[in-house]
Amino acid sequence: MSPVVTMKALLESGVHFGHRTNKWNPKMRGYIFTERNGIHIIDLQQTVDLLDEAYEFIRDKVAGGGTVLFVGTKRQAQDTIREQAERCGMPYVNERWLGGTITNWFTIQKRIFELERLERMRDSGEIELLTKKEGLMIEREIERLENRLSGIRIMKRLPDVLFVVDVNREDTAVHEANLKEIPVVAMVDTNCDPGNVDYIVPSNDDAIRAIKLIVGKAADAVMEGRAIRGKEAEEEEMMAEPMPEEVSRFIDDDEELEDEELLGESTLKHIGSSKPSKRRKPDLEDEDEEDEIVDEDLEEVIEEEEPEESEASEEEPEAEEEEAEEEPEDEETEEDDEEDKED
């Protein structure tokens, strides 16, 4: 698998430049490659590998429905943080980190509701009904809250990942994330303490080009995770839709189809209709009803056959009388024949 960022791109962006040797943090010793002209040089091979790990972590978190909070309040990172966070649709803080944004989220959320209430007053024209001084105070309050809270207005709950540009400057945000056990992904320079960071990306956090490169890759990871999440949601919706009865591939075990439904006309002609087709097994609930119907049919048949038998019994004696009448006539004809012979 190819790396997220090539070594050449990192060199061109100046990611390998660290701070002066007299301002370094000894905990970053393992991420320093060498020293040149009194400046530490970061090991870019480790940066490539660790950036891949951070990329996969952010992508998997977003694919599972998580959110990433981008934090960077230093002047070099403000515009980049806002642009990349808006591009991937995630919340951000680029003006000032308000203490308690994570640990006291309920109070921060109330201030967001207050901002929305003041904006509704301004849009509806209620401010014009107030005095000029009150209207100006409300306008200033709206402007102040927008500067501080505009990036986190879309955040409805605590974030799942915190992405930080400068660990030393954003130490309060990192501390709050550690208290709430929120994973921290950060750009760590040679003068920073990596102890409180879960996913370290050793890089220069002062150069604008370096910040654009690393933050842009984090935004790409968010967008890739959203794409994966969208595909999974579509598959779940497709699986949740019921299958139409016309194309159902399953037949109940108790159901038995007749020959006419399974075989063609020519096959039925050859086998003949002497073999009765199997009847569908009736349900237990319908057996009593069928027995009652059969009993009623038998009673009707018996009632219809009784008068026919009586008529047949009446016709039999009449036939016997006719035979009895015919017999004497035959005897008379025989006597006449004998007399004629004697003559």
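The rules behind these values
- Residues numbered from 1 in each chain as written.
- Predicted model: local features only at pLDDT ≥ 70, side-chain atom pairs only at ≥ 80, totals over all residues.
- Heavy atoms only, no water.
- Helix = DSSP H or I, 4+ residues; strand = E, 2+ residues; numbered from the N terminus.
- Expected span 1.5 Å × (residues − 1).
- Buried < 20%, exposed > 50% of the residue type's maximum accessible area, 1.4 Å probe, protein only.
- Contact = heavy atoms within 4.5 Å.
- Lys, Arg positive; Asp, Glu negative; His and termini not counted.
- Salt bridge = Lys/Arg side-chain N within 4 Å of Asp/Glu carboxyl O.
- Pairing = 2+ DSSP bridges.
- Right-handed = clockwise from strand over helix to strand, strands pointing away.
- Polar contact = N/O pair within 3.5 Å; in protein donor to acceptor, adjacent residues only side chain to side chain.
- Arc of directions from axis to C-beta.
- pLDDT = per-residue confidence, 0-100.
- Phe/Tyr/Trp six-rings, centres within 6.5 Å; stacked < 30°, edge-to-face > 60°.
- Core = buried A, V, L, I, M, F, W, Y, C linked by side-chain atoms within 4.5 Å.

Chemist: Help me understand helix H4 (residues 105-124) in this model?
Modeler: Because each turn of an α-helix spans 3.6 residues, side chains separated by three or four positions in sequence point in the same direction. Taking 1.5 Å of rise per residue, 20 residues should cover 28 Å, and H4 covers 29 Å from first to last C-alpha, within 8% of that figure. Of all the residues in H4, the buried ones are Trp-105, Ile-108, Ile-112, Leu-115, Leu-118, Glu-119 and Met-121. Residues of H4 that are buried in the fold lie against helix H5 (132-149). Of the residues flanking the end of H4, it is Gly-125, one or two places downstream, whose phi is positive at about 90°.

Chemist: Teacher, can you tell me more about the side chain of Glu-176 here?
Modeler: Positionally, Glu-176 belongs in helix H6 (residues 171-179). Of the side chains with opposite charge, Lys-180 lies nearest to the buried Glu-176, which makes no salt bridge, at 9.1 Å. Not counting the four nearest positions on each side in its chain, Glu-176 is found in contact with Trp-97, Leu-98, Gly-99, Gly-100, Thr-101, Ile-102 and Thr-103.

Chemist: How should I be thinking about the pairing of strand E7 (residues 184-188) in this particular structure?
Modeler: A regular strand places its side chains on the two faces of the sheet in alternate fashion. Most of E7 is tucked away: five of the five residues are buried. Both strand E6 (residues 161-164) and E7 contribute to a ladder of three bridges, which runs parallel. Bridged to Val-164 within E7 is Ala-186. Once you follow E6 into H6 and on to E7, the crossover reads as right-handed. Pairing of E7 with strand E8 (residues 199-202) involves four bridges; the strand directions are parallel.

Chemist: Help me understand the side chain of Asp-189, please; the structure alone is not making it clear to me.
Modeler: As for its position among the elements, Asp-189 is in the loop between E7 and E8. Here Asp-189 occupies a buried position and makes no salt bridge, while the nearest side chain of opposite charge, Lys-74, is found at 6.7 Å. A distance of 3.2 Å separates the side chain of Asp-189 from the side chain of His-19, its partner in a polar contact.

Chemist: Just checking my understanding: could you explain H5 for this structure?
Modeler: Here H5 contains 18 residues, and its C-alpha end-to-end distance of 26 Å stays within 8% of the 26 Å for a straight helix at 1.5 Å per residue. All buried positions along H5 are accounted for by Gly-135, Ile-138, Ile-142, Leu-145 and Leu-149. For H5, the angular spread of buried residues about the axis comes to 95°, placing them on one side. Opposite the packed face of H5, turned more than 90 degrees from it, sit the exposed residues Lys-132, Lys-133, Met-137 and Arg-140. Residues of H5 that are buried sit in contact with H4.

Chemist: Would you explain the confidence of the model for the protein in this entry?
Modeler: In regions of low pLDDT, the predicted coordinates are not meant to be interpreted in detail. Here the protein averages 80 in pLDDT, while 69% of its residues score no lower than 70. Across residues 243-254, where pLDDT falls below 50, the model places two contacts with residues more than four positions away in sequence or in other chains. Under a pLDDT of 50 for its full length, residues 307-312 has, in the predicted model, zero contacts with residues more than four places off or in other chains.

Chemist: Any chance you could explain the pairing of E6 here in plain terms?
Modeler: Residue alternation in E6 divides its side chains into two sets, Val-161 and Phe-163 and Leu-162 and Val-164, and both sets are buried. Relative to E6, strand E4 (residues 68-71) runs parallel, the two being bridged by four bridges. Note on E6: the bridge partner recorded for Phe-70 is Phe-163.

Chemist: For this particular structure, what's the right way to read the packing of aromatic side chains?
Modeler: The full count for this structure, using the stated rule, is two aromatic pairs. Measuring from ring centre to ring centre gives 4.2 Å for Phe-57 and Tyr-199, while their planes differ by 20°; the resulting arrangement is stacked. Here Phe-57 is found in helix H2 (residues 44-63), whereas its partner Tyr-199 is found in strand E8, with 142 residues between them in sequence. With 5.5 Å between their ring centres and 50° between their planes, Phe-70 and Phe-163 make a pair best called tilted. Linking Phe-70 in strand E4 with Phe-163 in strand E6, this pair joins segments that are 93 residues apart in sequence.

Chemist: What is the right way to look at the nonpolar core in this model?
Modeler: Buried together is how nonpolar side chains tend to be arranged in soluble globular proteins. Membership of the largest hydrophobic core comes to 34 residues, with the highest contact counts inside it found for Ile-58, Phe-70 and Phe-163. Elements with a minimum of two residues in this core: H2, E4, helix H3 (75-88), E6, E7 and helix H7 (208-240). With nine residues, H7 is the largest single contributor of residues to this core. Setting aside chain neighbours within four positions, we find Phe-70 in contact with Ile-81, Ala-85, Cys-88, Met-90, Pro-91, Tyr-92, Val-93, Phe-163, Val-215, Ala-218, Ala-219 and Val-222. The next biggest cluster of nonpolar side chains, apart from the first, holds 33 residues, and it includes Leu-115, Leu-149, Leu-162 and Ile-182.

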